[in-house]
Structures are given as C-alpha cells and as structure tokens.
Amino acid sequence: MKHMQRKITASGLPFMVRSDADARVIREVVENESYERKRLGFTLKGGETWLDCGANIGAFATWAEKMRRCNVIAYEACEENLKIGVENTKLNRCKTQWKLAFMSDKSHGVSSISFSPDTPARSSKLSRGKQRFVANVSLSDEIRIHRPQGIKIDIEGGEFDILQAKFALDGIRAIAIEYHMRMDKDLRKCRSRIQWLTEAFEFSNFRREIMEKEVWGGWQDTMLFFWRTIS
C-alpha cells in the first residue's frame with residue numbers, strides 16, 4: 001500500500017513523512033537531539049565526517065549537517081526510506097551522499113532483510129516481514145575509504161554481527177549505537193559484543209543494568225555512546 005506523504009517542520013527544517021511514526025522519529029532526532037548527550041560530554045563537532053548506518057528517511061543526516069555542520073555519508077537498506085531520505089536532504093540543501101546497502105561486517109554478497117510497512121524502520125534483519133536481498137557494504141571498508149570521525153549505527157539488530165566482528169577505530173572520535181535489546185535481551189552477549197569498545201574509548205554511558213544484570217528486563221532498545229579525546 002502506498003503511503004501518503006505530508007510535510008512537517010522540526011527546528012525550522014522541512015521534512016517529508018509518511019506517518020505519525022516518521023514524524024516522531026524526526027522530532028526525536030532533530031528537536032530532542034537524541035544522538036547527543038551534552039550533559040555527559042557526547043556531542044558532534046563541526047567539520048567532522050559521520051557515517052550514518054541505517055539512515056532511514058534522513059533525520060540524523062539532515063540534523064548533523066544543518067545543525068552541527070558535519071559531513072554525512074548515509075546507508076539505508078530500504079529503498080522506500082532512501083527515496084524519502086534523499087528528498088529530505090535535498091529539501092534542506094544538504095550534500096549527504098546516499099548508498100542503498102545493508103551495513104555489514106561483510107564486504108561482499110547480500111543479506112536477507114525483512115521489510116514491513118507497519119514499522120517506523122521499515123526494514124530489519126531479524127524481524128518478520130517480506131524478505132528481500134540487499135547488497136552488503138562493509139563498515140570496515142567504508143571507514144577506510146571515508147576516514148570518518150564519527151559513526152552512528154541504527155540497523156535494527158544488524159549491529160550484533162558488526163560488533164562481534166569488530167572494526168577499525170583509527171581516527172574515530174565518537175560512536176552512537178542504538179542497541180536493539182528487544183531482539184536479544186541476553187546482557188552477557190551484549191557485554192561481550194561491546195567490551196572492546198569500552199576498552200578503546202575513554203568515555204561511555206553504560207547503565208548499571210547492562211553492567212550487572214544477565215537479562216534485559218525492559219521492552220525498549222537502548223542508546224550506547226562511546227567517545228574519546230583526539231588531539
């Protein structure tokens with residue numbers, strides 16, 4: 001079913017959305033600045049290059065460029081999302097580079113992705129829905145090519161394999177990850193996947209539940225932030 005689009009504004013920036021769920025995502029990212037933790041010291045810095053893994057309809061990409069003066073390369077596995085994302089970044093005169101691909105630990109082949117029009121993300125590697133194959137792109141390769149200072153990851157459970165495989169951190173100052181606890185509530189696995197990041201970065205925002213408990217008790221996902229000082 002084709003979804004009707006409408007225009008909204010967030011912090012003075014125009015966006016095309018398909019639904020109230022899209023509008024909530026835009027406002028959360030742009031107005032509530034959900035990819036920063038200023039009180040803790042996690043912020044984006046002007047002039048940085050950021051990889052936007054799981055760019056959806058361009059909320060982070062637009063906010064990072066227009067509000068934080070960053071350069072963004074955006075990766076999205078759902079073609080419908082990407083088309084709207086491209087429209088939104090063009091509406092805001094952003095220079096975002098877009099790639100239709102699934103961010104992976106693999107540099108070749110395809111991943112089977114589930115697509116559902118009834119969810120805000122529209123796509124996931126782990127949930128149910130109509131299956132399609134999307135070309136993989138390796139996070140390690142993209143880091144080597146673009147030499148980013150920051151990485152944002154929100155790929156609906158696809159982060160598990162990437163974190164398990166690890167990737168190069170040279171030159172990377174900050175990483176923001178939406179970790180999908182609802183798809184894997186085992187906190188022992190979570191700790192094993194992210195331990196190398198806690199050792200590599202000076203700062204992180206760990207909640208006590210992640211560090212001490214064995215099973216995630218809530219239904220919601222959580223944001224994980226890692227950052228360090230690079231002279």
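Cut-offs and rules
Residues numbered from 1 in each chain as written. Predicted model: local features only at pLDDT ≥ 70, side-chain atom pairs only at ≥ 80, totals over all residues. Heavy atoms only, no water. Helix = DSSP H or I, 4+ residues; strand = E, 2+ residues; numbered from the N terminus. Polar contact = N/O pair within 3.5 Å; in protein donor to acceptor, adjacent residues only side chain to side chain. Contact = heavy atoms within 4.5 Å. Pairing = 2+ DSSP bridges. Core = buried A, V, L, I, M, F, W, Y, C linked by side-chain atoms within 4.5 Å. Buried < 20%, exposed > 50% of the residue type's maximum accessible area, 1.4 Å probe, protein only. Expected span 1.5 Å × (residues − 1).

Trainee: How do you make sense of the side chain of D221 when you look at a structure like this?
Mentor: Take D221: it is sitting in the loop between α7 (208-212) and β13 (222-227). At 2.8 Å, the side chain of D221 and the side chain of R182 are in polar contact. Residues in contact with D221, not counting those within four places in the same chain, are E178, Y179, H180, M181 and R182.

Trainee: I tried to follow the environment of T222 on my own but got confused; where do I start?
Mentor: Mapped onto the fold, T222 is located in strand β13. For the pair T222 and T62, spaced 160 residues apart in sequence, the C-alpha to C-alpha distance is 22 Å. Once residues within four sequence positions are removed from consideration, T222 is found in contact with I177, E178, Y179, M181, R207, I210 and W216.

Trainee: Looking at this structure, I do not really get the pairing of strand β9 (residues 130-138). What am I missing?
Mentor: For strand β6 (residues 102-104) and β9, the ladder comprises three bridges, and the chain directions are parallel. The partner of F102 across the bridge, within β9, is N136. Of the pairings in the sheet, the one linking strand β7 (residues 110-115) to β9 comprises six bridges and is antiparallel in character. Along β9, the bridge assignment pairs F115 with K130.

Trainee: Sorry if this is basic, but what is going on with the nonpolar core here?
Mentor: Soluble, globular proteins show a tendency: their nonpolar side chains are buried together. Core analysis: the largest hydrophobic core is formed by 32 residues, its most contacted members being C53, L139, I151, F167, I175 and L197. When residues of this core are traced back to their parent elements, those giving at least two are β3 (49-53), β4 (71-76), α4 (139-146), β10 (150-153), α5 (159-165), β11 (174-179), α6 (187-200) and β13. Tallying contributions element by element places α6 first for this core, with five residues. Contact partners of L197, with chain neighbours within four places excluded, come to L163, L169, I175, I177 and F226. I8, F42, I57 and A64 belong to the second-largest nonpolar core, a separate cluster that totals 28 residues.

Trainee: It is not clear to me how helix α1 (residues 20-31) should be interpreted in this structure. Could you clarify?
Mentor: For an α-helix, the turn length of 3.6 residues means that residues three or four places apart are oriented alike. Taking 1.5 Å per residue as the helical rise, α1 with its 12 residues ought to reach 16 Å, and the 15 Å between its terminal C-alpha atoms agrees with that figure. Turning to α1, its buried residues number three or more, namely A21, D22, A23, I26, V29 and V30. Next to the buried residues of α1 lie β1 (6-10), β2 (13-17) and α2 (59-68). Looking at the residues trailing α1, positive phi occurs at E33, about 50°.

Trainee: Mind showing me how you'd approach the pairing of β13 here?
Mentor: Put simply, side chains in a regular strand alternate between the two faces of the sheet. The element β13 is extensively covered by neighbouring structure, given that six of its six residues are classed as buried. Of the two faces of β13, the one carrying T222, L224 and F226 and the one carrying M223, F225 and W227 are both buried. Of the strand pairs in this sheet, β11 and β13 are connected by six bridges, and their pairing is antiparallel. Its bridge partner lying in β13, A176 is registered against F225. Of the strand pairs in this sheet, strand β12 (residues 203-204) and β13 are connected by two bridges, and their pairing is antiparallel. Paired with F203 across the bridge in β13 is W227.

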